[in-house]
Amino acid sequence: MLDPRLLRAFVAIVDTRSFTQAADRLHSTQSTVSQQLARLEQAVGQVLVDRAARPVRVTASGERLLGYARRILALQHEAETLLADRAGTAAIRIGVPEDIVTLSMSRILARFAEQHREVRLDVTTGLSRDLDRRFRAGEFDIVVVKEASASPDNRATFPEAIGWFESADHAPVWVDPMPLVTFPPGGLYREAMFERVERDRRRWYVAFTATSLGSILTAVEAGIGLSLLPKGAAIDHKIRPYAGFGEEAPMVVSVYSWEDAGQIGLLLENIKSVLLNRYEAHRARFGT
C-alpha cells in the first residue's frame, strides 16, 4: 500500500517545485520531505522527481503517479471528514404498529433526529405480538404494542377503543357463515373476532387476510366482510360501525423500553406525549 504521508510529500514537491517550499507547506523539514520522497520511490521502484533540475520537476513515472496520488489523498480526506461527523453512528431501535405511525408521531421522530444527528432511528412496523416477542428478545430499545392488558413493566399504557365495522357502501345482511376480514394467525384482533362471533353461536369463515391495516380497511370498504378494528383507524375510510355484536371492551396501547435515561429516555417521553394526545383525541371523539 502507498503510504499517504509519502504521497503527500510527493504532491507537495511537485506543486511547489521545491523541497524547501514543500517542507514549509507540510510544516516539516527539508530532510524529512526528502526522505519521504526517497521511501516512496523505493516502494514504487521508480524515480519520481528530477532532483538535479532547477526548479525540480516531475519525471515521466512521477507524472503517471501524480493523478492517482491526488485521488488517494482526496479520498483519505473525504473519509476523515465523514468519520469526524458522528451523524447516524448510534442507533435507537423502535418497534411500532403500523397505525401508530401517524403524522404526529413522524414529526416527533423527525424533530428528535434533527436535534440528535448522531442518532439513527431504526423503525420497524408489524403485528403487536411479533413486536413484543422481538422486544423481549432484545431486538428493540423501545416498543409500542396493542394488547388485551399491559404487563407490569410498561412505561405507559392507554385505552384503545375498538369496534366491529362493515362497508358503508356494500353492506349486505350478514348470514351464516359470516365472512371475516382479519390479520394473519397471531394478529391481535383475529382470535378476539373468532371468540366474539362464536359467543353468539354464529358460524364464520375467513374471507380475506392481510398483514397491513391499510389492506384490511380497504377490504372492509369493498364489502368483503366484517372486521374488528381500532375506532381511530376507521375515521377516514368508507366503513361504518356494525351493531350486531354490540360494544367491545377496549384494548390497550402500551409502551415498553429497556431504559428511561439518556437519548432513549428523551425519545420515550416524546413517544408517550404523542400517544397521550392520541388517546385524549380518541376519548373526546369516542368517549373511551
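Let us look at the structure shown here.

What counts as what
Residues numbered from 1 in each chain as written. Predicted model: local features only at pLDDT ≥ 70, side-chain atom pairs only at ≥ 80, totals over all residues. Heavy atoms only, no water. Buried < 20%, exposed > 50% of the residue type's maximum accessible area, 1.4 Å probe, protein only. Helix = DSSP H or I, 4+ residues; strand = E, 2+ residues; numbered from the N terminus. Arc of directions from axis to C-beta. Polar contact = N/O pair within 3.5 Å; in protein donor to acceptor, adjacent residues only side chain to side chain. Contact = heavy atoms within 4.5 Å. Pairing = 2+ DSSP bridges. Axes fitted to C-alpha atoms, helices over the stretch in contact; angles between N-to-C directions. Right-handed = clockwise from strand over helix to strand, strands pointing away.

Our next topic: helix H8 (residues 213-221). Of the positions making up H8, those classed as buried are Leu213, Ile216, Leu217, Ala219 and Val220. The buried residues of H8 occupy one face: seen down the axis, they fall within an arc of 160 degrees. Phi turns positive, to about 90 degrees, at Gly223, one or two residues after H8.

We now examine the side chain of Asp99. The topology assignment puts Asp99 in the loop between strand E3 (90-96) and helix H5 (103-115). Of note is the side chain of Asp99, whose polar atom sits 2.5 Å from the side chain of Lys146. Setting aside residues up to four positions removed in sequence, Asp99 forms contacts with Lys146, Glu160, Leu213, Pro230 and Arg278.

Here the focus is the sheet that holds strand E11 (residues 239-241). As summarised here, the arrangement of the 3 strands in space is E10-E7-E11, forming an open sheet in which the pairing is antiparallel. Of all the strands in the sheet, just strand E10 (227-230) and E11 have a single pairing partner and so form its edges. The sheet shows a mean angle of 55 degrees between the axes of neighbouring strands, taken without regard to direction. Of the strands in this sheet, strand E7 (162-167) and E10 touch helix H7 (residues 188-199), which is tilted by about 130 degrees from E10. Against the sheet, H8 engages E7, E10 and E11, with an angle of about 130 degrees to E10.

Moving on to the pairing of strand E8 (residues 178-182). For E8, a buried count of 5 out of 5 residues is recorded, marking the element as mostly surrounded by other parts of the structure. By the alternation rule, side chains of E8 split into Met178, Leu180 and Thr182 and Pro179 and Val181, which are all buried. One ladder, built from 5 bridges, connects E8 with strand E9 (residues 204-209); its direction is parallel. Paired with Leu180 across the strands is Val206, a residue of E9. Considered for its hand, the β-α-β crossover made up of E8, H7 and E9 is right-handed.

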